[in-house]
Amino acid sequence: MSAPMQASIDYGRLVQQDQVHGSVYTSPQIFEDEMDRIFRRGWVYVGHASEVPTAGDFVTRMIGLQAVVMTRDKQGGVNVMYNRCPHRGNKVCQAEKGHASTLTCSYHGWAFGMDGALAGVPFPQGYGTDFDRSQHGMVRVPRVESYGGFVFASLCAHGEKLAQHLGEGARMIDMLNGLSPEGGIELTAGWMKHQLDANWKVPSENQVDGYHAMFVHGSLARANDAWAKVRDRRENSTARTRDLGAGHSEIDHAADYAEAGTPFRWTGGVDPARLPQYVAAMQKAYGQEEAQRRMVLGPPHAAIFPNLMLAEMNISILQPVSATETIQYTTPVMLKGGAELNARSLRRCEGALGPAGFLIADDAEVNALLQQGLATTQPEWVVLKRGLHSEKHEADGSISAGLMDETSQRGLWRRYRQLMTAVA
Ligand code: FES
Ligand SMILES: [Fe+2]
């Protein structure tokens with residue numbers, strides 16, 4: 001007798017243009033499907049090249065629920081391998097990051113090169129003469145590609161190229177790198193970890209939600225003048241929420257910042273005179289006018305589907321754990337050639353997103369409350385109608401609407417629906 005088939009889930013019904021069924025945030029079966037269809041088949045952000053600058057460096061990460069290790073090998077290449085010993089299955093690298101000449105398994109001492117090749121086996125005579133080391137290396141994930149220093153991987157051998165997956169999202173990475181006079185960033189300040197008692201899609205949607213700030217972050221607005229101004233002018237803001245396609249989205253502050261015309265509003269309105277070396281280096285690299293434009297417009301505020309958040313001068317990775325739990329990793333962006341600004345970014349990251357930070361505590365709490373609310377089954381649907389009637393289809397293919405509209409969330413869900421209903 002064959003086992004009864006598990007009923008397949010109708011994602012086309014659960015995810016609609018202007019509403020999403022509550023179960024997509026709570027169902028363990030749906031979470032499993034996501035790990036397969038989004039986090040195994042698709043491109044997932046793994047790490048930044050600057051985290052493994054020299055041969056022998058490694059960091060451990062997850063792609064969905066699969067443990068991986070990202071390394072720098074002697075040839076200068078970046079590898080992403082499953083973090084499992086090909087002997088009997090031990091997890092090879094336990095540290096979050098490190099530097100070693102070989103990755104050595106703690107169970108029986110098999111040693112691997114940074115490219116995963118089996119370099120040594122203790123007491124090899126026990127394997128006889130026909131033991132083929134080349135068949136017993138750590139397994140590399142099928143596809144690794146990077147863009148602007150950001151390394152992505154896919155656990156599936158086939159599918160679209162990274163460039164196609166990133167689409168307009170690549171422009172967000174360019175914008176961030178373009179704030180460095182040397183054209184690149186480094187993620188070297190260390191990572192903070194926050195456990196969110198929420199499904200991974202809750203913080204994803206929250207990242208590009210321009211509607212919640214005045215409520216969830218109300219205490220910050222009350223405590224801080226600059227924030228109070230943000231709150232007061234929100235409804236008339238010329239900032240846009242933008243669906244970039246392929247599930248990527250942004251809150252685009254360009255119009256707001258350009259209108260003001262002063263540089264560094266995105267970093268609390270610091271006086272350019274306090275960043276003389278950075279300003280001079282930008283002008284030297286890009287010319288007076290272009291440097292000014294970059295320093296006025298600042299960094300992106302974007303979500304790169306499914307797990308990378310470019311949150312202005314902070315980067316976050318969302319690590320799904322279960323249907324109801326996510327780890328958020330956060331680090332400040334260090335600009336190559338931007339030491340003066342970097343010192344400031346580090347302090348601001350601690351203040352906003354550190355253990356006693358002003359922002360993340362608020363967001364983490366409301367994320368958990370959403371998850372609790374969504375566990376209650378009535379009403380069945382989450383409403384995503386805001387701004388649907390006033391969206392603008394832009395020449396570059398993106399869709400934009402007002403700062404407080406739900407265009408970004410609808411973009412995320414459109415991609416989700418496409419991936420979850422795709423035929424394998
Ligand atoms: S399990 Fe790794 S060496 Fe045996
Ligand atoms: Fe927030």
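Not measured: the values here are computed from a predicted model. Along each chain, the written sequence defines residue order, and numbers are assigned to residues from 1. Think of it this way: whatever chain is written first is A, whatever ligand is written first is 1, and the rest follow in order. For a predicted model such as this one, the threshold for reporting local features is a pLDDT of at least 70, and the threshold for listing and counting side-chain atom pairs is 80 or more; totals across whole chains, interfaces and linings nevertheless cover every residue. Where side-chain values are given, they derive from all heavy atoms of the structure, hydrogens and water being excluded.

## Here we look at the overall build of the protein
The criterion, for reference: Secondary structure elements follow DSSP: runs of H or I no shorter than four residues count as helices, runs of E no shorter than two count as strands, and numbering proceeds from the N terminus. Restricting the calculation to C-alpha atoms gives the radius of gyration, and the globule rule supplies 2.2 Å times the number of residues raised to the power 0.38. The classification of residues rests on relative accessible area computed with a 1.4 Å probe and restricted to protein chains. Under 20% of the type maximum is buried, over 50% is exposed, and intermediate values are partly exposed. Only heavy atoms matter for contacts: two residues are in contact if any of them lie within 4.5 Å across the pair. Surface accessibility follows the Shrake-Rupley procedure with a 1.4 Å probe radius. Residue values consider only the protein chains on display as shielding. In this count, Lys and Arg are taken as positive residues and Asp and Glu as negative ones, while His and the chain termini are left out. Charge placement uses NZ in Lys and CZ in Arg. For Asp and Glu, CG and CD serve respectively.
From N to C terminus, the protein includes 14 helices and 23 strands. What you see for the protein is a C-alpha radius of gyration of 23 Å, in line with the 22 Å of a compact globule of 424 residues. Counting only residues that meet the buried cut, the protein has 49% of its 424 residues in that class. If you take every contact in the protein between residues at least 6 apart in sequence, the share linking residues at least 24 apart comes to 62%. Summed over all atoms, the accessible surface of the protein reaches about 19800 Å², with 52% contributed by carbon and sulfur. Here the protein holds 41 positive side-chain charges and 46 negative ones, and the gap between their average locations is 2 Å.

## Notes on the sheet that holds strand β15 (residues 248–252)
Stated precisely, the cut-off is as follows: We treat two strands as partners when DSSP finds at least two bridges between them. Each axis is a line fitted through C-alpha atoms, taken for helices only over the stretch in contact, and angles between the N-to-C directions span 0 to 180 degrees.
Taken in spatial order, the nine strands make up an open sheet running β13-β19-β18-β17-β16-β15-β14-β23-β22, and their pairing is antiparallel. Strands with a single pairing partner mark the edges of an open sheet, and in this sheet they are β13 (192–196) and β22 (392–393). Against the sheet, helix α12 (residues 339–353) contacts β13, β18 (314–322) and β19 (325–332), and its axis sits at roughly 155° relative to β19.

## As for the nonpolar core
Stated precisely, the cut-off is as follows: The definition of a nonpolar core used throughout is a set of buried Ala, Val, Leu, Ile, Met, Phe, Trp, Tyr and Cys residues joined through side-chain atoms within 4.5 Å. For the purposes of this description, domain bounds are those given by an automatic or database domain assignment.
Phe150, Phe152, Tyr278 and Leu310 are the most contacted members of the largest nonpolar core, which totals 36 residues. Looking at this core, the elements with two or more residues in it are β11 (150–154), α3 (162–166), α4 (169–177), α10 (276–286), α11 (288–297), β16 (301–304), β17 (308–311) and β18. Each of domain 1 (44–154) and domain 2 (168–421) accounts for three or more of the residues forming this core. If sequence neighbours within four positions are ignored, Leu310 has contacts with Phe150, Met172, Ile173, Leu176, Gln207, Pro300, His301, Ala302, Ile304 and Ile315.

## Topic: the sheet that holds strand β9 (residues 118–120)
Read from one edge to the other, the open sheet built from three strands follows the order β7-β8-β9, with strand pairing classed as antiparallel. Either end of the sheet is taken by a strand with one partner, and the two such strands are β7 (103–104) and β9. In this sheet, β9 lies alongside strand β8 (residues 111–112) in antiparallel orientation, the contact comprising two bridges. Bridging across to β9, Ala111 finds its partner in Gly120.

## Regarding the pairing of strand β4 (residues 66–72)
Judged by how many residues are buried, β4 sits mostly within the fold: five of seven residues are covered. Taking the residues that link successive antiparallel strands as the turn, the strand β3 (residues 57–63)-β4 hairpin has two residues, and the phi of Gly64 there is positive, at about 65°. Looking at chain direction, β4 and strand β5 (residues 78–82) are connected through five bridges and run antiparallel. Following the sheet pairing, Thr71 is matched in β5 by Asn79. Adjacent in sequence and paired antiparallel, β4 and β5 are bridged by five residues, among which Gly76 carries a positive phi angle near 90°.

## Things to note about the pairing of strand β23 (residues 399–402)
With four bridges joining them, strand β14 (residues 240–245) and β23 adopt antiparallel strand pairing. Note that in β23 the partner of Arg242 across the bridge is Ser400. In this sheet, β23 lies alongside β22 in antiparallel orientation, the contact comprising two bridges. Bridge pairing links Lys392 to Ser400 in β23.

## Looking at the coordination of the iron ion (ligand 2)
Where we set the bar: Note on donors: an N, O or S atom is included if it sits within 2.8 Å of the metal, or within 3.2 Å for Na, K and Ca, and water is never included, so sites can look incomplete. Just to be clear on the cut-offs, tetrahedral is four donors with all angles between 85 and 135 degrees, square planar is four donors and octahedral six with opposite donors over 155 degrees apart and all others between 65 and 115, and anything else goes down as irregular.
Coordination of the iron ion (ligand 2) by the protein comes from His212 (NE2), His217 (NE2), Asp363 (OD) and Asp363 (OD), over a distance range of 2.1 to 2.4 Å. Around the iron ion (ligand 2), the four donor atoms sit at angles spanning 56 to 151°, and that spread fits a shape best called irregular. Mapped onto the sequence, the residues coordinating the iron ion (ligand 2) show the spacing H-x4-H-x145-D. Highlighted residues: His217 in the loop between α6 (213–216) and α7 (218–223) and Asp363 in helix α13 (residues 360–374), separated in sequence by 146 residues.

## Quick notes on the packing of α10 against α11
For clarity, the cut-off: These descriptions rest on fixed angle ranges, namely under 35 degrees for roughly parallel, over 145 for roughly antiparallel, 65 to 115 for roughly perpendicular, and the rest for oblique. By the definition used in this description, the sense in which the near helix is turned from the far one sets the handedness, with an anticlockwise turn below a right angle giving left-handed and a clockwise turn giving right-handed.
The contact between α10 and α11 brings their axes to 7 Å, and the two run at 125°. By the angle between their axes, α10 is oblique relative to α11. Our pair here, α10 against α11, has a crossing hand that is right-handed. Contact residues: α10 offers Tyr278, Val279, Met282, Gln283 and Tyr286, while α11 offers Gln288, Glu290, Ala291, Arg294 and Met295.

## Observations regarding the side chain of Thr71
How we decide: Counted as a polar contact is a pair of N or O atoms within 3.5 Å, where, for protein atoms, one must be capable of donating a hydrogen and the other of accepting one, and residues adjacent in sequence contribute only when both atoms are in side chains.
With respect to the helices and strands, the residue Thr71 is situated in strand β4. In this structure the side chain of Thr71 is engaged in a polar contact, spanning 2.5 Å, whose partner is the backbone oxygen of Met114. Leaving out residues up to four positions away in the same chain, Thr71 has contacts with Val52, Asp57, Phe58, Gly77, Val78, Asn79, Met81, Leu103 and Met114.

## What about the packing of helix α2 (residues 28–37) against helix α14 (residues 407–421)?
Packing of α2 against α14 leaves a shortest axis separation of 10 Å and a crossing angle of 85°. By the angle class used here, α2 and α14 are roughly perpendicular. Contacts from Ile30, Asp33, Glu34 and Arg37 in α2 reach Tyr416, Leu419 and Met420 in α14.

## A look at the domain arrangement of the protein
The condition is simple: Accessible area that two parts lose when put together, evaluated with a 1.4 Å probe and summed over both, is termed the buried area. Criterion for a salt bridge: a side-chain nitrogen of Lys or Arg within 4 Å of a carboxyl oxygen of Asp or Glu.
Entries for the protein in the domain assignment read domain 1 (44–154) and domain 2 (168–421). Taking the mean C-alpha position of each, domain 1 and domain 2 sit 32 Å from one another. Of the residues lining the interface, 15 residues belong to domain 1; the matching set on domain 2 comes to 21 residues. Both faces considered, domain 1 and domain 2 share a buried interface measuring about 1400 Å² in area, 62% of it formed by carbon and sulfur atoms. For domain 1, the biggest contributors to the area lost against domain 2 are Tyr45, Tyr147 and Phe150; these three give 39% of the whole. Here domain 1 and domain 2 share one salt bridge between them. The partner of Glu96 in a salt bridge is Lys193, with the nearest N and O atoms 2.6 Å apart.

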